[in-house]
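# Inside the fold
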Amino acid sequence: MTPERIELHGKCFRLYIRRQEITRMVRRLAREIARDYADKDPLCLIVLKGAFIFAADLLRLLPPQWAVETVRARSYGMQMTSSGNVELELPTLPLQGKHLLLIEDIIDTGLTLQALVSALEQHNPASLRIVTLLAKPPARMLPIPLHYVGKEIPPVFVVGYGMDYAEAGRSLPNIYALDSEPQGQS
Ligand code: IMP
Ligand code: MG
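Residues numbered from 1 in each chain as written. Chains lettered and ligands numbered in written order. Predicted model: local features only at pLDDT ≥ 70, side-chain atom pairs only at ≥ 80, totals over all residues. Heavy atoms only, no water.

Summing up its helical and strand segments, the chain has three helices and ten strands in all. In sequence order, the secondary structure elements of the chain are arranged as β-β-α-β-α-β-β-β-α-β-β-β-β. Its C-alpha atoms give the chain a radius of gyration of 17 Å, near enough to 16 Å, the size a compact globule of 186 residues would have. Expressed along its principal axes, the backbone C-alpha trace of the chain runs to roughly 55 × 35 × 25 Å. Partitioning the contacts of the chain with sequence separation of at least 6, the portion at a separation of at least 24 is 68%. With an accessible surface of roughly 9600 Å², the chain has 50% of that area assigned to carbon and sulfur atoms. Mean positive and mean negative side-chain charge positions of the chain (21 and 20 charges, respectively) differ by 4 Å. (Helix = DSSP H or I, 4+ residues; strand = E, 2+ residues; numbered from the N terminus. Rg over C-alpha atoms; globule rule 2.2 N^0.38 Å. Contact = heavy atoms within 4.5 Å. Areas by Shrake-Rupley, 256 points an atom, 1.4 Å probe, with all protein chains shown as cover. Lys, Arg positive; Asp, Glu negative; His and termini not counted. Charge placed at Lys NZ, Arg CZ, Asp CG, Glu CD.)

Structure (structure tokens):
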């Protein structure tokens, strides 16, 4: 049974995107990516921590030759909005001449992505594309093209499937959205 509502750190969240819909989105993205990289073996870069579950599902639908590394970006801390201050940890292996595929969970202001893209471009990769499970409206205004987007969502705060609220909720198999209604009403 999938609960319709859950509580994390005293905030109420309602079921927003079910596992079955997530699976369909991931399958479609994998088909598009596999088609576009048919003649290349990219280096996939998982943006930790939020993208780890999405990446695990996506990568298992992609060719086994593809290499996987992680990058780390922190901007939200314990808040629900970006601090605007992005800390990065890039892989130590050479990225020059590689086809990079950055795997993100969700793009909101795009500040994290912009910081990552400009840091990665300094290493002169052969190409750099982005796949994100979700994108919020400000992502459309970005100067960076988002090549593969699972779903555009309104500006709601979501948790589950790798995404957290103050580190809680990452292991939820479904995605939940912050409920604006007061608790006890439905
Ligand atoms: P941005 O820099 O505002 O685009 O936010 C980027 C990162 O913040 C994402 O990769 C997520 O890890 C996190 N984030 C953005 N929106 C949400 C959300 O609704 N729930 C949980 N994490 C989020
Ligand atoms: Mg992320």
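Below, the discussion takes up the side chain of Arg170. Position of Arg170 relative to the elements: it lies in the loop between strand S9 (158-159) and strand S10 (175-178). Ignoring sequence-local partners within four residues, the contact set of Arg170 consists of Lys49, Gly50, Phe52, Ile53, Gly160, Tyr161, Gly162, Met163 and Asp164.

Let's shift gears to the sheet that holds strand S1 (residues 5-8). The four strands are arranged S1-S2-S10-S9 in an open sheet whose pairing can be described as antiparallel. Every other strand in the sheet has two partners, leaving S1 and S9 as the edge strands with one partner each. Note: S9 against S10, two bridges, orientation antiparallel. If you follow Val159 over to S10, its bridge partner there is Tyr176. (Pairing = 2+ DSSP bridges.)

So, about the pattern of salt bridges. Between side chains of opposite charge, pairing is possible as soon as their charged atoms come close. One pass over the full model with this rule turns up 17 salt bridges. When the shortest N-O distance is used, the salt bridge between Arg19 and Asp57 registers 3.0 Å. Here Arg19 is found in helix H1 (residues 19-36), whereas its partner Asp57 is found in helix H2 (residues 52-59), with 38 residues between them in sequence. With a relative accessible area of 28%, Arg19 lands in the partly exposed category. Here Asp57 falls in the buried class, since its relative accessible area comes to 17%. Put simply, Arg28 and Glu32 hold a salt bridge, and the shortest N to O gap is 3.0 Å. With Arg28 and Glu32 both in helix H1 and four residues apart, the pair spans about one turn of that helix. (Salt bridge = Lys/Arg side-chain N within 4 Å of Asp/Glu carboxyl O. Buried < 20%, exposed > 50% of the residue type's maximum accessible area, 1.4 Å probe, protein only.)

To continue, consider the sheet that holds strand S3 (residues 43-48). A sheet is described by the order of its strands in space; here six strands give the open sequence S5-S4-S3-S6-S7-S8, paired in mixed fashion. The outermost strands of the open sheet, each flanked by one partner alone, are strand S5 (87-89) and strand S8 (148-152). This sheet shows a mean twist of 20° between the axes of neighbouring strands, independent of strand direction. The pairing of S3 with strand S4 (residues 67-74) spans six bridges and is classified as parallel. For Cys44, the partnering residue across the bridge sits in S4 and is Val68. Running over the sheet, H1 touches strand S6 (99-107), strand S7 (127-135) and S8 and is turned about 160° from S8. (Axes fitted to C-alpha atoms, helices over the stretch in contact; angles between N-to-C directions.)

For the rest of this paragraph, the subject is the nonpolar core. Counting 31 residues, the largest nonpolar core has Leu58, Ile103 and Leu134 as the members making the most contacts within it. Excluding its chain neighbours within four sequence positions, the residues that come into contact with Leu58 are Val26, Leu29, Ala30, Ile33, Ile103 and Val131. Leu45, Ile107, Leu116 and Leu142 belong to the second-largest nonpolar core, a separate cluster that totals 19 residues. (Core = buried A, V, L, I, M, F, W, Y, C linked by side-chain atoms within 4.5 Å.)

This part takes up H1. Between its first and last C-alpha, H1 extends 26 Å over 18 residues, near the 26 Å set by a 1.5 Å rise per residue. Within H1 the residues assigned to the buried category are Ile22, Met25, Val26, Leu29, Ala30 and Ile33. Each buried residue of H1 lies within a common arc of 135° when the element is viewed along its axis, so the set occupies one face. Residues of H1 that are exposed and angled more than 90 degrees away from the buried face: Gln20, Arg24, Arg31 and Arg35. Tucked into the core, H1 has its buried residues touching strand S2 (11-17), H2, S6, S7, S8 and S10. (Expected span 1.5 Å × (residues − 1). Arc of directions from axis to C-beta.)

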